[in-house]
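# Descriptive analysis of the structure
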Amino acid sequence: MDAHVDIGGSEALGLKGALLVYQGNNRGFVSWHEVRQAAEGGAPFLGEAQEVTTEFVHHLAQGLGTRIPAEILPGNVLVRTAETIVWWTPAMVRTMFFAGHDQDASRLNGKRFPQPPLVWKVSGRDLWVRALADNRRPESKTKLLTAPYWNMDGETGWTCQGSMRSPDEVGVVAITAWERTFFQSEFTHQTGPRRLTTHARGFFGLWSSLAGRRRPFPVEHLAAAKETLQEFVTRS
(Lines give C-alpha, C1' and ligand atoms only; values in the text may rest on other atoms or scores of the structure.)
Protein backbone atom coordinates (compact mmCIF):
# COMPACT_ATOMS: atom_id res chain seq x y z
CA MET A 1 0.00 0.00 0.00
CA ASP A 2 1.40 3.40 -1.02
CA ALA A 3 1.11 5.88 1.87
CA HIS A 4 1.76 8.91 -0.36
CA VAL A 5 -0.37 10.79 -2.87
CA ASP A 6 0.36 13.26 -5.65
CA ILE A 7 -2.24 16.03 -6.18
CA GLY A 8 0.00 18.34 -8.19
CA GLY A 9 2.78 20.63 -7.10
CA SER A 10 6.24 19.78 -5.82
CA GLU A 11 5.34 18.74 -2.28
CA ALA A 12 4.88 15.03 -1.52
CA LEU A 13 1.96 14.33 0.80
CA GLY A 14 2.16 11.41 3.21
CA LEU A 15 -0.72 9.55 4.81
CA LYS A 16 -0.94 10.67 8.46
CA GLY A 17 -4.30 9.47 9.68
CA ALA A 18 -8.03 9.10 9.16
CA LEU A 19 -11.23 10.53 10.58
CA LEU A 20 -13.93 7.92 11.22
CA VAL A 21 -17.53 9.12 11.45
CA TYR A 22 -20.08 7.14 13.46
CA GLN A 23 -23.77 8.00 13.07
CA GLY A 24 -26.72 6.73 15.08
CA ASN A 25 -30.38 7.67 15.02
CA ASN A 26 -30.01 10.79 17.14
CA ARG A 27 -26.30 11.52 17.53
CA GLY A 28 -22.95 11.15 15.86
CA PHE A 29 -19.31 10.79 16.84
CA VAL A 30 -15.97 11.42 15.11
CA SER A 31 -12.66 9.85 16.07
CA TRP A 32 -9.11 10.44 14.84
CA HIS A 33 -6.77 7.54 14.11
CA GLU A 34 -3.07 8.03 13.40
CA VAL A 35 -1.46 5.85 10.72
CA ARG A 36 1.02 3.33 12.11
CA GLN A 37 3.70 1.60 10.09
CA ALA A 38 3.85 -2.19 10.22
CA ALA A 39 7.17 -3.91 10.81
CA GLU A 40 9.32 -5.09 7.92
CA GLY A 41 7.67 -2.97 5.25
CA GLY A 42 4.13 -4.19 5.83
CA ALA A 43 1.06 -2.16 4.99
CA PRO A 44 0.31 0.81 7.26
CA PHE A 45 -2.66 0.50 9.62
CA LEU A 46 -4.80 2.75 11.79
CA GLY A 47 -3.96 3.19 15.45
CA GLU A 48 -6.35 3.51 18.37
CA ALA A 49 -9.05 6.18 18.44
CA GLN A 50 -8.14 9.64 19.74
CA GLU A 51 -10.35 12.57 20.75
CA VAL A 52 -10.97 15.22 18.10
CA THR A 53 -10.06 18.47 19.89
CA THR A 54 -10.71 22.08 18.89
CA GLU A 55 -6.97 22.60 18.41
CA PHE A 56 -6.86 19.61 16.07
CA VAL A 57 -9.72 21.02 13.97
CA HIS A 58 -7.95 24.40 13.71
CA HIS A 59 -4.74 22.74 12.51
CA LEU A 60 -6.68 20.63 10.02
CA ALA A 61 -8.47 23.70 8.63
CA GLN A 62 -5.16 25.51 8.18
CA GLY A 63 -3.75 22.53 6.34
CA LEU A 64 -6.73 22.48 4.00
CA GLY A 65 -6.20 26.12 3.12
CA THR A 66 -9.30 27.46 4.90
CA ARG A 67 -7.48 29.72 7.31
CA ILE A 68 -8.71 33.30 7.05
CA PRO A 69 -5.85 35.81 6.74
CA ALA A 70 -5.77 38.64 9.25
CA GLU A 71 -7.69 41.60 7.81
CA ILE A 72 -8.89 44.95 9.09
CA LEU A 73 -12.65 44.87 8.50
CA PRO A 74 -14.21 48.16 7.33
CA GLY A 75 -17.48 49.25 8.90
CA ASN A 76 -19.61 48.09 5.96
CA VAL A 77 -18.64 44.41 6.37
CA LEU A 78 -21.40 42.40 8.03
CA VAL A 79 -20.01 38.83 7.94
CA ARG A 80 -16.60 37.30 7.16
CA THR A 81 -15.95 33.55 7.16
CA ALA A 82 -13.54 31.32 5.26
CA GLU A 83 -16.15 30.82 2.52
CA THR A 84 -18.32 33.93 2.59
CA ILE A 85 -18.18 37.70 2.89
CA VAL A 86 -21.27 39.90 3.29
CA TRP A 87 -21.32 43.69 3.24
CA TRP A 88 -23.70 46.58 2.63
CA THR A 89 -23.52 49.81 0.64
CA PRO A 90 -25.54 52.99 1.31
CA ALA A 91 -27.76 54.63 -1.30
CA MET A 92 -25.75 56.32 -4.05
CA VAL A 93 -25.80 57.27 -7.75
CA ARG A 94 -24.22 54.90 -10.27
CA THR A 95 -23.99 54.51 -14.05
CA MET A 96 -25.84 51.49 -15.46
CA PHE A 97 -25.47 49.69 -18.77
CA PHE A 98 -28.19 47.79 -20.63
CA ALA A 99 -27.99 45.43 -23.61
CA GLY A 100 -28.73 47.05 -26.95
CA HIS A 101 -31.10 44.36 -28.26
CA ASP A 102 -34.07 45.90 -26.39
CA GLN A 103 -35.29 49.33 -27.53
CA ASP A 104 -36.51 50.39 -24.07
CA ALA A 105 -33.24 49.23 -22.51
CA SER A 106 -31.18 51.07 -25.13
CA ARG A 107 -32.74 54.39 -24.09
CA LEU A 108 -31.48 53.81 -20.54
CA ASN A 109 -27.99 52.60 -21.44
CA GLY A 110 -25.09 54.57 -19.97
CA LYS A 111 -27.23 56.90 -17.86
CA ARG A 112 -26.78 57.55 -14.15
CA PHE A 113 -29.40 56.40 -11.66
CA PRO A 114 -29.94 56.66 -7.91
CA GLN A 115 -29.50 53.25 -6.27
CA PRO A 116 -31.11 51.84 -3.13
CA PRO A 117 -28.95 50.72 -0.20
CA LEU A 118 -27.80 47.17 -0.95
CA VAL A 119 -26.58 44.03 0.80
CA TRP A 120 -24.00 41.93 -1.07
CA LYS A 121 -22.98 38.31 -0.43
CA VAL A 122 -20.08 36.55 -2.14
CA SER A 123 -19.29 32.86 -1.69
CA GLY A 124 -16.65 31.43 -3.99
CA ARG A 125 -17.40 32.93 -7.42
CA ASP A 126 -21.12 33.44 -6.78
CA LEU A 127 -22.76 36.77 -5.99
CA TRP A 128 -26.11 37.50 -4.33
CA VAL A 129 -27.60 41.00 -3.89
CA ARG A 130 -30.54 42.27 -1.85
CA ALA A 131 -31.91 45.80 -1.21
CA LEU A 132 -32.70 47.65 2.00
CA ALA A 133 -35.55 49.95 2.95
CA ASP A 134 -33.45 52.08 5.30
CA ASN A 135 -30.15 53.75 4.48
CA ARG A 136 -28.29 52.37 7.50
CA ARG A 137 -26.35 49.28 8.54
CA PRO A 138 -28.80 46.36 8.76
CA GLU A 139 -29.19 44.04 11.75
CA SER A 140 -29.84 40.31 11.85
CA LYS A 141 -33.64 40.75 11.92
CA THR A 142 -33.73 43.42 9.20
CA LYS A 143 -36.19 42.43 6.47
CA LEU A 144 -34.59 42.49 3.04
CA LEU A 145 -36.06 43.58 -0.28
CA THR A 146 -35.59 42.37 -3.84
CA ALA A 147 -32.78 44.18 -5.65
CA PRO A 148 -34.47 45.63 -8.80
CA TYR A 149 -31.97 44.53 -11.41
CA TRP A 150 -31.98 42.34 -14.49
CA ASN A 151 -29.67 39.29 -14.53
CA MET A 152 -30.79 38.55 -10.98
CA ASP A 153 -33.05 35.86 -9.57
CA GLY A 154 -35.62 37.84 -7.61
CA GLU A 155 -36.41 34.83 -5.43
CA THR A 156 -32.89 34.21 -4.12
CA GLY A 157 -30.90 37.31 -5.09
CA TRP A 158 -28.41 35.18 -7.03
CA THR A 159 -26.75 37.00 -9.93
CA CYS A 160 -26.37 35.50 -13.40
CA GLN A 161 -23.01 37.09 -14.11
CA GLY A 162 -23.14 37.10 -17.91
CA SER A 163 -20.53 39.64 -19.03
CA MET A 164 -19.35 40.16 -15.46
CA ARG A 165 -15.83 39.04 -14.60
CA SER A 166 -15.60 37.93 -11.00
CA PRO A 167 -12.55 39.38 -9.21
CA ASP A 168 -9.46 37.22 -8.74
CA GLU A 169 -8.94 38.61 -5.24
CA VAL A 170 -10.82 37.31 -2.20
CA GLY A 171 -11.86 38.89 1.07
CA VAL A 172 -12.10 42.56 1.93
CA VAL A 173 -9.80 43.69 -0.90
CA ALA A 174 -12.32 42.31 -3.45
CA ILE A 175 -15.36 44.26 -2.21
CA THR A 176 -14.87 47.32 -4.43
CA ALA A 177 -14.08 45.13 -7.43
CA TRP A 178 -17.33 43.15 -7.01
CA GLU A 179 -19.38 46.36 -6.88
CA ARG A 180 -17.56 47.84 -9.87
CA THR A 181 -17.87 44.76 -12.08
CA PHE A 182 -21.56 44.38 -11.19
CA PHE A 183 -22.45 47.89 -12.34
CA GLN A 184 -20.01 48.02 -15.25
CA SER A 185 -21.44 44.87 -16.84
CA GLU A 186 -24.55 44.89 -19.04
CA PHE A 187 -27.99 44.15 -17.62
CA THR A 188 -29.43 41.95 -20.37
CA HIS A 189 -32.60 40.15 -19.25
CA GLN A 190 -34.90 39.28 -16.38
CA THR A 191 -33.95 36.08 -14.57
CA GLY A 192 -36.77 34.09 -12.95
CA PRO A 193 -40.50 34.78 -12.70
CA ARG A 194 -40.57 36.93 -9.56
CA ARG A 195 -41.47 40.59 -10.04
CA LEU A 196 -38.46 42.86 -9.53
CA THR A 197 -40.39 46.00 -8.52
CA THR A 198 -43.86 47.07 -7.41
CA HIS A 199 -43.74 50.16 -9.63
CA ALA A 200 -47.04 50.58 -11.50
CA ARG A 201 -45.24 50.65 -14.87
CA GLY A 202 -42.88 47.81 -14.03
CA PHE A 203 -39.13 47.57 -14.48
CA PHE A 204 -38.76 50.11 -17.30
CA GLY A 205 -41.21 52.48 -15.67
CA LEU A 206 -39.10 52.50 -12.52
CA TRP A 207 -35.72 53.06 -14.15
CA SER A 208 -37.04 55.51 -16.77
CA SER A 209 -38.36 57.70 -13.95
CA LEU A 210 -34.91 57.69 -12.32
CA ALA A 211 -32.62 58.25 -15.33
CA GLY A 212 -30.40 61.27 -14.77
CA ARG A 213 -32.10 62.12 -11.48
CA ARG A 214 -30.35 62.78 -8.19
CA ARG A 215 -33.33 62.33 -5.92
CA PRO A 216 -33.25 59.37 -3.50
CA PHE A 217 -34.24 55.98 -4.83
CA PRO A 218 -37.99 55.41 -4.14
CA VAL A 219 -37.73 52.38 -1.84
CA GLU A 220 -41.54 52.13 -1.74
CA HIS A 221 -41.26 50.50 -5.17
CA LEU A 222 -39.05 47.66 -3.89
CA ALA A 223 -40.66 44.22 -3.57
CA ALA A 224 -40.35 42.18 -0.36
CA ALA A 225 -37.71 39.43 -0.50
CA LYS A 226 -39.45 37.47 2.29
CA GLU A 227 -36.27 36.89 4.27
CA THR A 228 -34.22 38.60 6.97
CA LEU A 229 -30.54 39.41 6.87
CA GLN A 230 -29.86 36.41 9.12
CA GLU A 231 -31.70 34.10 6.72
CA PHE A 232 -29.92 35.61 3.71
CA VAL A 233 -26.51 35.14 5.32
CA THR A 234 -27.04 31.53 6.43
CA ARG A 235 -28.88 30.33 3.33
CA SER A 236 -26.62 28.30 1.04
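In short, a report on the structure.

### Side note on the overall build of the protein chain
Across its full length, the protein chain holds five helices and 15 strands. For the protein chain, with 236 residues in total, the buried portion stands at 37%. Across the protein chain, every contact between residues at least 6 apart in sequence was considered, and the portion connecting residues at least 24 apart equals 58%. Within the structure as shown, the protein chain displays about 14,100 Å² of accessible surface, and the carbon and sulfur contribution to it stands at 52%. Across the protein chain, the centroid of the 26 positively charged side chains sits 14 Å from that of the 24 negatively charged ones.

### Here's the deal with empty space enclosed by the protein
Under the definition given, this model contains one cavity of 30 Å³ or more. As for the largest cavity, its lining consists of W150, N151, T159, C160, Q161, S163, M164, F182, S185, E186 and F187. Class assignment for the residues of the lining of the largest cavity results in five nonpolar, five polar and one charged.

### Focus on the environment of A133
Here A133 is to be found in the loop between β12 (126–131) and β13 (143–146). In this structure, the C-alpha to C-alpha distance between A133 and V219, residues 86 residues apart in sequence, is 5.8 Å. Each residue touching A133, except ones within four places of it in the same chain, is listed here: L145 and V219.

### Some words on the pattern of salt bridges
One pass over the structure, following the stated rule, counts nine salt bridges. R125 is paired through a salt bridge with D168; the nearest N and O atoms lie 3.9 Å apart. Highlighted residues: R125 in the loop between β11 (118–123) and β12 and D168 in the loop between β13 and α3 (175–184), separated in sequence by 43 residues. Of the residues examined, R125 reaches a relative accessible area of 45% and is grouped as partly exposed.

### Quick notes on the pairing of β11
In terms of burial, β11 is a largely internal element, five of the six residues being buried. Of the strand pairs in this sheet, strand β7 (residues 84–89) and β11 are connected by six bridges, and their pairing is antiparallel. Paired with W88 across the bridge in β11 is V119. Pairing of β11 with β12 involves six bridges; the strand directions are antiparallel. Pairing of L118 across the sheet is with A131, part of β12. Taking the residues between adjacent antiparallel strands as the criterion, β11 and β12 are bridged by two residues, where G124 takes a positive phi near 65°.

### A word on the sheet that holds β7
For sheets, the rule is that strands pair by backbone hydrogen bonds, running either parallel or antiparallel. Strand order across the open sheet formed by six strands is β6-β7-β11-β12-β13-β15, with antiparallel pairing between neighbours. The sheet is open, and its two edges are formed by β6 (77–80) and β15 (224–228), each paired on a single side. For this sheet, the mean inter-axis angle between neighbouring strands, taken without regard to orientation, is 30°. By the bridge criterion, two bridges tie β12 to β13 in an arrangement that is antiparallel. Each residue of the ladder has a partner; that of R130, found in β13, is T146. Contacting β6, β7, β11 and β12, α3 runs over the sheet at an angle of about 110° to β11.

Reading the values: the criteria
- Residues numbered from 1 in each chain as written.
- Predicted model: local features only at pLDDT ≥ 70, side-chain atom pairs only at ≥ 80, totals over all residues.
- Heavy atoms only, no water.
- Helix = DSSP H or I, 4+ residues; strand = E, 2+ residues; numbered from the N terminus.
- Buried < 20%, exposed > 50% of the residue type's maximum accessible area, 1.4 Å probe, protein only.
- Contact = heavy atoms within 4.5 Å.
- Areas by Shrake-Rupley, 256 points an atom, 1.4 Å probe, with all protein chains shown as cover.
- Lys, Arg positive; Asp, Glu negative; His and termini not counted.
- Charge placed at Lys NZ, Arg CZ, Asp CG, Glu CD.
- 1 Å grid on protein atoms, 1.4 Å probe; cavity = no way out; pocket = protein on both sides within 12 Å on 5 of 7 lines; lining within 4 Å.
- Points joined across faces, edges and corners; volume = space filled by probe spheres on them.
- Nonpolar A, V, L, I, M, F, W, Y, C, P; charged D, E, K, R; others polar.
- Salt bridge = Lys/Arg side-chain N within 4 Å of Asp/Glu carboxyl O.
- Pairing = 2+ DSSP bridges.
- Axes fitted to C-alpha atoms, helices over the stretch in contact; angles between N-to-C directions.

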